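Structure at a glance
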Amino acid sequence: MATYCLYGEELQRFSTMPENASGIAYEWEGESVIHLRLRPLEHSFGIVHSVRFVHGSEPDADADFTVFVDAEGNALVRKRGSQDAEEATIIPAKENLYSRSKGLIEVGILEGKRVLIIGLGSFGSQIAVELAKSGVGEFSLMDFDRVELHNLVRHTASLNDLGRLKTDFVRETILGKNPYAKVDMFPININEHLDILECEVRKADLVICATDNNQSRFNISEALVRLQKVGIFGRAITRAEGGDVFRYRPGGPCYVCMIGNQWYKDMAEEITNEASARKNGQIAAYTSPEDADAMVQVGLSSDIEPMCNMMVKLSLVELSRGSESGISSLEEELSFPAYMWVNRRERHYKGFAPFNKCANMPTIMRWYGINLPKNEHCSLCSEKPRLSLGEDFLKGIDPELSRINTDFGDDVEELLK
Ligand SMILES: [Zn+2]
């Protein structure tokens, strides 16, 4: 017995067409699973067969499979040479695809939302797919990188995707989860295309910043503050021993307020890619290839998962803000602008208490909310006259003013010293 899969939306469309039509059937080799499509896929899989969609009950002798469709869009499948027509699994139309999530999230609202994701590495690719699974209907993807061998340990891409543009890979994965999603791709370096960045931030309901360098984060922050859009930033620190997530909401502290803060400065960011780390100054130009290689130290995929997960949760809270849903309570609870996570008691966190003996002490694998204040002298979001965003940008962060206390509670502050 074979398993046949048909698309409800295609059957509905075909039932209104006057003539019979040819399609393509894809068989998962050796598994007797056959997907019968009216419209060919962009990338085929398995063994390809011919299929004829027909009105009425007469099979097409030339086609490997005949799909009999009635006026209501119900269908049966018959293999060439077989006497019997068999039932098929019908993949539901748009409105029913995410019906299981109804109540928990407002699927109808998410379907109309547009999310801009900048950076499609291990963070961005995962977040994109999670948001597609939640029913977000529109995406704008930006990354000029291609899938490389060293990405694969943490990336959602597989060996078969080696060499492909990350934008193409992520688009295809999104469409694999939600074939009705609209996905626009921009394989560009945003630092060189600020006009496109501006245009896309303007159109987006939410911006995810998952890039690995401060220049792009500045540029994105600048656009968010100017256009008054919500943005979510995330990163891992060295070997993903921990990480942090930051959310910008108009009127609140911006990303520059945060990086001016001593707590943020003290955390050495994870270096995942030698070429880009050299370019953005994380690895000094004179560093030998051997030393540079030793500096590229990535953590495990499971260690960046918590940050991705928090970014997805904050995204869903922001996208469904104001609507009644099962995650509405998170609006009250996830109200801090920044969050910190620790995977292991190493380096920055060596003073933390062991997990099983922590009582009320800071420990690993728990989220800590940081009530980061707005820096009233911030060079980006302050109402006061601001500095230009050129070369002087970083210098504009006054070292004295940057020592603002974060609201960690004294224990954590002490331990992070
Ligand atoms: Zn600011």
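I will try to describe carefully the structure that is included in this document. Keep in mind that this is a model prediction, so the values were computed, not measured.

Conventions and cut-offs
Residues numbered from 1 in each chain as written. Predicted model: local features only at pLDDT ≥ 70, side-chain atom pairs only at ≥ 80, totals over all residues. Helix = DSSP H or I, 4+ residues; strand = E, 2+ residues; numbered from the N terminus. Buried ≥ 20, exposed ≤ 12 C-beta atoms within 10 Å, placed from the backbone. Contact = placed C-beta atoms within 7 Å. Pairing = 2+ DSSP bridges. Axes fitted to C-alpha atoms, helices over the stretch in contact; angles between N-to-C directions. Core = buried A, V, L, I, M, F, W, Y, C linked by C-beta atoms within 7 Å. Parallel < 35°, antiparallel > 145°, perpendicular 65-115°, else oblique. Left-handed = near helix turned anticlockwise from the far one by under 90°.

Moving on, we get to the overall build of the chain. Helix and strand counts for the chain stand at 14 helices and 15 strands. Counting every position in the chain, which comprises 417 residues, the buried fraction comes to 40%. When contacts within the chain are restricted to residue pairs at least 6 apart in sequence, those whose partners lie at least 24 apart make up 65%.

Turning next to the sheet that holds strand β9 (residues 138-142). Across the sheet, eight strands lie side by side as β10-β9-β8-β11-β12-β13-β14-β15; this open sheet has mixed pairing. The open sheet has two edge strands, β10 (182-186) and β15 (368-370), and neither has a second partner. Within this sheet the neighbouring strands show an average axis-to-axis angle of 15°, counted without direction. Here four bridges tie strand β8 (residues 114-118) to strand β11 (residues 206-209), and the two strands are oriented parallel to one another. Residue I117 lies in a different strand from β11, and its bridge partner there is I208. Contacting β8, β9, β11 and β12 (231-236), helix α4 (residues 122-134) runs over the sheet at an angle of about 165° to β8. Most of the contacts of helix α7 (residues 214-227) go to β11, to which it runs at about 165°, and overall it touches β8, β11, β12 and β13 (242-248).

Bringing the nonpolar core into the picture now. Nonpolar side chains in soluble globular proteins tend to be buried together. If you look at the biggest cluster of nonpolar residues, it comprises 75 residues, and the most contacted ones within it are I117, I127, A128, I208 and M311. The greatest single-element share of this core, amounting to 10 residues, is contributed by helix α12 (residues 301-319). Sequence-distant contacts of M311, defined by excluding residues within four places in its chain, comprise I127, I208, I232, G234 and V245. Counting residues in each nonpolar core, the second largest holds 19 residues, with F14, F53, V67 and V69 among its members.

Let's shift gears to the pairing of strand β3 (residues 33-37). Taken together, the four bridges between strand β1 (residues 3-7) and β3 define a ladder with parallel strand orientation. Across the sheet, the residue bridging to L6 is L36, located in β3. Sheet topology note: the strand β2 (residues 21-28)/β3 ladder contains five bridges and is antiparallel. Bridged to I24 within β3 is R37. If you look at the hairpin formed by β2 and β3, you'll find four residues sitting between the two strands, and G30 has a positive phi there, around 75°.

As a general point, the strands of a sheet are linked pairwise by backbone hydrogen bonds and lie either parallel or antiparallel. Strand order in the open sheet made by the seven strands is β6-β5-β4-β2-β3-β1-β7, with mixed pairing throughout. This sheet does not close on itself; its edge strands, each paired only once, are β6 (75-79) and β7 (89-91). Each neighbouring strand pair of the sheet contributes to a mean axis angle of 30°, computed without reference to strand direction. As judged from the three bridges shared by β1 and β7, these two strands associate in the parallel manner. Counted as the bridge partner of Y7 is I91 from β7. Helix α1 (residues 8-15) rests against β1, β2, β3, β4 (47-55), β5 (65-69), β6 and β7 of the sheet, and its axis sits at about 65° to β1.

The subject of this paragraph is unusual backbone geometry. Although it is not a glycine, S32 sits at a positive phi angle of roughly 55°. Within the element layout of this structure, S32 appears in the loop between β2 and β3. Given 11 C-beta atoms within 10 Å, S32 falls into the exposed group. A positive phi angle, close to 55°, is found at M365, a residue other than glycine. Inspection of the secondary structure puts M365 in the loop between β14 (338-342) and β15.

Further remarks concern the packing of helix α6 (residues 194-203) against α7. Axes are the key here: two packed helices are described by the angle between their axes and the distance separating the axes. Contact geometry of α6 with α7 gives a least axis separation of 10 Å together with a crossing angle of 45°. The angle between the axes of α6 and α7 places the two elements in the oblique class. For the element pair α6 and α7, the recorded crossing hand is right-handed. For the pair formed by α6 and α7, the contact residues are L194, L197, E198, V201 and R202 on the first element and N219, A223, L224 and L227 on the second.

Here α4 crosses helix α5 (residues 166-177) at 20°, and the two axes come no closer than 9 Å. Judged by the inter-axis angle, α4 sits roughly parallel to α5. For the pair α4 and α5, the crossing hand works out as right-handed. Residues S125, A128, V129, A132 and K133 of α4 lie in contact with α5, whose contacting residues are K166, V170, T173, I174 and K177.

As a further point, take the pairing of β13. Extensive coverage of β13 is indicated by the burial of seven of its seven residues. Burial along β13 is two-sided: G242, D244, F246 and Y248 facing one way and G243, V245 and R247 facing the other are all buried. Where β12 and β13 come together, six bridges link them in antiparallel fashion. Looking across to β13, one finds that I232 is bridged to R247. In textbook terms, the turn of a hairpin is the stretch between consecutive antiparallel strands, and for β12 and β13 this stretch comprises five residues, one of which, R239, has a positive phi near 50°. One ladder, built from five bridges, connects β13 with β14; its direction is antiparallel. The residue of β14 that forms the bridge with G243 is W341.

Read these as layout, nothing more, since geometry by itself doesn't imply function.
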